[in-house]
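One letter stands for each residue in the lines below.
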Amino acid sequence: MAHNTNVDPNTPLEYQSETGKLNIFGFWVFLGAEMALFATIFATFFALKDHGVMAGGPLPSDLFELKNTLIMTLLLLFSSFTSGLSINELRRRNVKAMIFWIAVTLLFGLGFLYMEVTEFIHLVHEGAALGTNAYWSSFYLLTGTHGLHVSLGILWIILVVIQVMKNGLNPDNAKKIFISSLYWHFLDFVWIFVFTSVYLLGMVG
């Protein structure tokens, strides 16, 4: 759909077309479905965690390390902040600054993924593999699903940035930048629940 030249110049670029408005609204609906997905996985985790621990295998309180988990959490929190800075630059139509903050966001995201994969390797080495018991199966299902979403988010954002670099900033790719930022904030939001309900509770037994 063509860009509407009669819109208020103060309207954010991503909202300056009807397609942009509808796509953003539709993505909020999609996030609702994603929330339902993670709620189901969380429910599965809580239903299985006590039974799984009693079934044998290493305890999460013996394997989880607060320092590493805090670093992972801070990486995602900082990435959410820098993602917000990129949207601020989008609103100012400062493409170079926007791409810079997106790049910083992606670096934080890659750092998170590196630490998560490293943690998985450590846990498996310590005897907490996917098939050890129901607790560890549900743990990998939850954290692995989140990690997969982060990986897909990184790939998606990279592709959108390539479009911006190729075609310049316009209402269409501004909408894509904004929607991908919403997705990134959502993943950070989900991780807070993972951090508190899985790691912190696991550390205290």
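To be clear, the structure that these remarks concern was listed above.
Reading guide: rules and limits
Residues numbered from 1 in each chain as written. Predicted model: local features only at pLDDT ≥ 70, side-chain atom pairs only at ≥ 80, totals over all residues. Heavy atoms only, no water. Helix = DSSP H or I, 4+ residues; strand = E, 2+ residues; numbered from the N terminus. Buried < 20%, exposed > 50% of the residue type's maximum accessible area, 1.4 Å probe, protein only. Contact = heavy atoms within 4.5 Å. Areas by Shrake-Rupley, 256 points an atom, 1.4 Å probe, with all protein chains shown as cover. Lys, Arg positive; Asp, Glu negative; His and termini not counted. Charge placed at Lys NZ, Arg CZ, Asp CG, Glu CD. Polar contact = N/O pair within 3.5 Å; in protein donor to acceptor, adjacent residues only side chain to side chain. Phe/Tyr/Trp six-rings, centres within 6.5 Å; stacked < 30°, edge-to-face > 60°. 1 Å grid on protein atoms, 1.4 Å probe; cavity = no way out; pocket = protein on both sides within 12 Å on 5 of 7 lines; lining within 4 Å. Points joined across faces, edges and corners; volume = space filled by probe spheres on them. Expected span 1.5 Å × (residues − 1).

*Asks:* Can you explain the overall build of the chain? Please cite residues and give values.
*Replies:* In terms of helices and strands, the chain carries six helices and zero strands. When its C-alpha atoms are laid out on the principal axes, the chain stretches across 65 × 30 × 25 Å. Scored against the burial criterion, the 205 residues of the chain give a buried share of 42%. Within the chain, residue pairs in contact and separated by at least 24 positions form 79% of the contacts whose partners lie at least 6 positions apart. In the form shown here, the chain has an accessible surface area of approximately 10500 Å², with 69% of it arising from carbon and sulfur atoms. Averaged over its 10 positive side-chain charges, the chain has a centre that lies 14 Å from the centre of its 13 negative ones.

*Asks:* Outline the environment of Thr69, supporting the account with residue identities and numerical values.
*Replies:* Mapped onto the fold, Thr69 is located in helix H3 (residues 66-92). For the pair formed by Thr69 and Phe112, sequence separation is 43 residues and the distance between their alpha carbons is 9.7 Å. Residues within four places of Thr69 in sequence aside, it is in contact with Phe195, Tyr199 and Met203. There is a polar contact of 2.9 Å between the side chain of Thr69 and the backbone oxygen of Glu65.

*Asks:* Describe the side chain of Ser80, and please don't skip the residues or the numbers.
*Replies:* Structurally, Ser80 can be placed in helix H3. On the basis of relative accessibility, which here comes to 18%, the residue Ser80 falls in the buried class. Contact partners of Ser80, with chain neighbours within four places excluded, come to Trp184, His185 and Asp188.

*Asks:* Describe the packing of aromatic side chains, with residues and values.
*Replies:* Within this structure, the stated rule accounts for 21 aromatic pairs. Taken together, a centroid distance of 5.9 Å and an interplanar angle of 75° make the contact between Phe139 and Tyr199 edge-to-face. In this pair, Phe139 sits in helix H5 (residues 134-167) while Tyr199 sits in helix H6 (residues 171-203), placing the two residues 60 residues apart along the sequence. Looking at Phe139, the relative accessible area reads 0%, which means it is buried.

*Asks:* Explain empty space enclosed by the protein residue by residue, including any values.
*Replies:* Here the structure, examined in full by the defined rule, presents one cavity of 30 Å³ or more. Considering only enclosed or pocket space, the largest cavity measures out at about 60 Å³ in volume. Lining the largest cavity are Ser83, Ser86, Ile102, Thr105, Ile157, Ile177, Ser180 and Ser181. Among the elements that make up the lining of the largest cavity, the one with the highest residue count is H6 (three residues).

*Asks:* Hey, could you go over H5 for me, with residue numbers and the actual values?
*Replies:* Counted at 1.5 Å a residue, the expected span for H5 with its 34 residues is 50 Å, and the 49 Å between its end C-alpha atoms agrees. Sitting at the head of H5, Asn133 places a side-chain oxygen 3.0 Å from the backbone nitrogen of Tyr135. Directly beyond the C-terminal end of H5, a positive phi value near 80° is found at Gly168.

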